[in-house]
Amino acid sequence: MPRIFHIYLFIIFVSFAQSQSLSSSSVQGAFGAVTIDGKIWNQVALRPIIPIGKVSFALDIVFYIDQDGNIHDDEWDFSNGKKSKNSIIDKIYYVRYGKKWDPFYFQIGALDNVTIGQGILVNRYSNTILYPQVRKVGMEVKFKAYGFNLYGFTNDFKENFGLTGLRLSKKVFNGINVGGSVAIDRNQYLGLKDSDNDGRPDLVDDFPDNSDFWLDTDGDGIADIDPNELDIDGDGITDTLDSNIPGWDSDSSLVLDTDIFRKPEPLNVRVKEKSIYAVSIDASKMIFSEKNMNVTVYAQFASLIGETVDPISGENINLGNGLIPFGLSTKFGPARFKFEYRMMPTGRFEFGYWDRSYEIERATFSSLNNTSDSGIRTGEIITKDSRLGKFGKQKGYFSTLSLDLGAMIGSSMSYQNLFGEQWSESENKFNNDRNQSFIASIRLKKPISKITSARWYYQQRNVPNPFNFEYTESTISGYRIGIKLGNGMILNYIFRRSFRDIDGDGKVNGENETINMTSIETSFSF
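Residues take numbers from 1 onward in each chain, read along the sequence in its written order. A pLDDT threshold of at least 70 governs which residues receive local features in this predicted model, and a stricter bar of 80 or more applies before side-chain atom pairs are shown or counted, although totals over entire chains, interfaces and linings include all residues. Each side-chain value is derived from all of the structure's non-hydrogen atoms; neither hydrogens nor water enter the calculation.

K.L.:
For this particular structure, what's the right way to read the overall build of the protein?
P.N.:
Helix and strand definitions here come from DSSP, where helices need a minimum of 4 consecutive H or I residues and strands a minimum of 2 consecutive E residues; each element is numbered from the N-terminal end. Across its full length, the protein holds three helices and 27 strands. A buried classification covers 45% of the 526 residues belonging to the protein. Across the protein, every contact between residues at least 6 apart in sequence was considered, and the portion connecting residues at least 24 apart equals 55%. Accessible area is worked out with a 1.4 Å probe on protein chains only. A residue is then buried under 20% of its type maximum, exposed over 50%, and partly exposed in between. Working rule for contacts: check all heavy atoms of both residues, and any pair within 4.5 Å makes them a contact.

Right, dumping it as structure tokens:
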């Protein structure tokens with residue numbers, strides 16, 4: 001799209017923002033720098049907020065400009081119907097009705113913390129973990145009808161309801177609350193970025209910005225199907241002498257290389273799907289409640305529906321179940337404590353399968369053994385559920401503590417410690433080992449001098465020892481600090497670090513497998 005058109009749109013939106021200042025609306029904005037796909041871009045953003053009764057509309061009108069004055073076009077791509085739809089959806093910052101504690105509430109936009117029930121299936125899911133590299137516009141809704149409590153969410157309208165969760169609960173008798181939940185990811189491959197919209201994700205597309213080509217076996221920059229590619233596997237032997245070869249004037253063709261190694265065709269998400277379903281039931285009862293104190297006991301059962309890979313046979317096998325026969329949730333003044341006894345009777349299960357790092361682990365790259373002496377490395381896309389086969393029968397406990405340290409500081413910490421069968425790649429068998437998780441965060445509740453806000457968080461899940469701090473794709477850390485500059489302006493420094501196993505060797509190492517998102521912006525409102 002021509003740069004002048006972007007500028008024209010920007011002027012329109014600025015005029016729109018100024019006109020709204022005459023009504024009850026307001027405009028928030030920001031300018032600064034942000035990292036996208038490892039490159040630093042200057043950011044200019046306007047977020048008009050338009051309240052109409054209990055409904056609030058907020059737009060996210062953002063431009064990313066590099067040092068040469070080029071504009072990041074992904075947010076302004078109207079080249080076809082699908083990209084136009086996605087570009088329009090991306091402009092929604094949020095549409096919100098009511099508050100979360102109201103009888104009826106919904107929000108369209110960013111979902112920072114989604115938990116269904118007590119969290120056995122969906123626990124702290126976020127669709128913003130890769131923002132702004134990946135922008136998702138989801139929805140969550142909650143309402144009461146005929147004595148039932150209903151809750152639902154979807155992760156991204158651009159995926160046409162890719163990940164969706166629903167819950168129905170009701171108090172039945174003697175204060176016992178019974179609920180049922182279902183979660184569906186209809187195609188886990190939808191989480192992969194596809195820049196050229198050719199159906200081949202960038203992770204396995206040798207030409208991620210060219211929809212005409214996607215395979216380059218020898219890595220020489222010429223596609224295998226390009227007529228100019230004379231040696232597909234790069235073994236130094238011309239494949240075929242024909243009219244494409246300079247100086248060959250014969251009408252016939254002569255095949256010289258009869259043993260051409262080709263990389264396999266990459267995944268095409270338009271023709272291949274990998275879905276996973278899950279259902280859960282739970283029951284809870286508050287056994288004590290007085291002023292700022294309460295105690296609730298509960299139990300949960302969940303089943304993942306789909307297939308994973310049996311590490312012993314290499315065959316597909318059904319996913320398993322998770323059971324929490326006893327759970328305790330308490331609140332005593334500023335402290336909240338939760339304890340669960342957890343069981344995986346047959347393994348092949350993960351508690352809180354849809355968590356904060358799900359959009360990273362949802363589908364990743366895995367390397368394969370070389371099938372040729374050429375040394376060319378090949379690989380495939382694997383989904384998160386295909387790795388659950390490494391978990392055998394396990395049991396243990398989970399606990400979490402949230403504590404307000406006075407009026408200034410809020411903190412929380414969660415820890416899981418399961419013990420049982422886990423697959424050892426090095427020994428090629430199941431061994432008894434720990435399956436542990438650790439999550440922690442701390443935040444500033446009230447401003448201190450010029451520091452208006454501050455938050456730090458860390459997560460690592462399902463590893464033998466999270467305190468070794470050996471990074472995996474489940475590791476997420478970051479912080480955000482806001483500093484008041486005066487005249488309604490706040491300087492925000494935002495940093496987030498996550499990891500992706502790009503080469504598929506089962507380890508996270510090297511700068512190219514570390515995803516750093518840094519944003520320095522000055523926000524304002526008028």
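K.L.:
Help me out: how do you make sense of the environment of lysine 331 in this one?
P.N.:
Counting through the fold element by element, lysine 331 comes out in strand E17 (residues 321–332). Assessed through its relative accessible area of 22%, lysine 331 is described here as partly exposed. Residues lysine 331 and serine 289 lie 42 residues apart in sequence; the distance between their C-alpha atoms is 9.3 Å. Pairs of N or O atoms within 3.5 Å make up the polar contacts considered here, provided that, within protein, one atom can donate a hydrogen while the other can accept it, and that residues adjacent in sequence are counted only when both atoms are side-chain atoms. Looking at lysine 331, its side chain comes within polar contact range of the side chain of asparagine 292, at 3.2 Å.

K.L.:
Would you explain the packing of aromatic side chains in this entry?
P.N.:
Where two aromatic rings form a pair, the distance of their centres and the angle of their planes describe that pair. In this scheme Phe, Tyr and Trp rings, the latter by its six-membered ring, pair at centre separations within 6.5 Å, and the angle between planes marks the pair as stacked below 30 degrees, edge-to-face above 60, and tilted otherwise. This structure, assessed with the given rule, holds 23 aromatic pairs. Here phenylalanine 63 and tryptophan 76 contribute two aromatic rings whose centre-to-centre distance is 4.8 Å and whose plane-to-plane angle is 10°, an arrangement assigned as stacked. Of this pair, phenylalanine 63 sits in strand E4 (residues 61–65) while tryptophan 76 is found in the loop between E4 and helix H2 (81–90), placing the two residues 13 residues apart along the sequence. Neither phenylalanine 63 nor tryptophan 76 differs from the other in exposure class; each is buried.

K.L.:
Sorry if this is basic, but what is going on with the pairing of strand E21 (residues 391–405) here?
P.N.:
Consecutive residues of a regular strand have side chains that alternate between opposite faces of the sheet. Across 10 bridges, strand E18 (residues 335–344) lies against E21 in antiparallel orientation. Across the sheet, residue phenylalanine 337 finds its bridge partner in E21, namely leucine 401. Relative to strand E22 (residues 409–424), E21 runs antiparallel, the two being bridged by 13 bridges. Residue leucine 401 lies in a different strand from E22, and its bridge partner there is methionine 413. By the convention used here, strands pair only if DSSP detects at least 2 bridges between them. Joining the antiparallel neighbours E21 and E22 is a turn of three residues, in which glycine 406 adopts a positive phi near 75°.

K.L.:
I would appreciate a short explanation of the nonpolar core in the present structure.
P.N.:
Generally speaking, nonpolar side chains in soluble globular proteins are found buried as a group. By nonpolar core is meant a set of buried Ala, Val, Leu, Ile, Met, Phe, Trp, Tyr and Cys residues that side-chain atoms within 4.5 Å join together. Formed by 26 residues in total, the largest nonpolar core has its most connected members in Leu121, Val122, Phe153, Leu304 and Trp354. Mapped by element, the contributors of at least two residues to this core are strand E8 (148–154), strand E13 (276–290) and strand E14 (293–305). When neighbours within four sequence positions are excluded, valine 122 is seen to be in contact with Val114, Thr115, Ile116, Phe153, Ala183 and Trp354.

K.L.:
Can you walk me through the pattern of salt bridges in this structure?
P.N.:
Charged atoms that come close allow side chains of opposite charge to pair. For this document, the term salt bridge refers to a Lys or Arg side-chain nitrogen within 4 Å of an Asp or Glu carboxyl oxygen. All chains considered together, the criterion is met by 23 salt bridges. Among the salt bridges present, the one from arginine 461 reaches aspartate 355, with a minimum N-O distance of 2.8 Å. Of this pair, arginine 461 sits in strand E24 (residues 451–463) while aspartate 355 sits in the loop between E18 and helix H3 (358–361), placing them 106 residues apart in sequence. As far as the burial class goes, arginine 461 and aspartate 355 line up, both buried. Lysine 384 is paired through a salt bridge with glutamate 361; the nearest N and O atoms lie 3.8 Å apart. Taken together, the positions of lysine 384 in the loop between strand E20 (379–383) and E21 and glutamate 361 in helix H3 put the pair 23 residues apart, joining distant regions of the chain. Assessed through its relative accessible area of 11%, glutamate 361 is described here as buried. Each member of the salt-bridge network shares a partner with another, and the members are Lys136, Asp156, Glu159, Asp185, Glu359 and Arg362.

K.L.:
Where do I start with the environment of lysine 445 in this structure?
P.N.:
Tracing the backbone shows lysine 445 in the loop between strand E23 (429–444) and E24. Placed 39 residues apart in sequence, lysine 445 and glycine 406 show a C-alpha to C-alpha distance of 9.5 Å. Apart from residues lying up to four places away in sequence, lysine 445 is in contact with Asp404, Gly406, Ala407, Met408, Ile409 and Gly410.

K.L.:
Just to check I follow, could you spell out H2 for this structure?
P.N.:
In an α-helix, one full turn covers 3.6 residues, which means residues spaced three or four apart are oriented alike. All of the buried residues along H2 are Lys83, Ser84, Asn86, Ser87, Ile89 and Asp90. In the core, the buried residues of H2 are packed alongside strand E5 (92–97).

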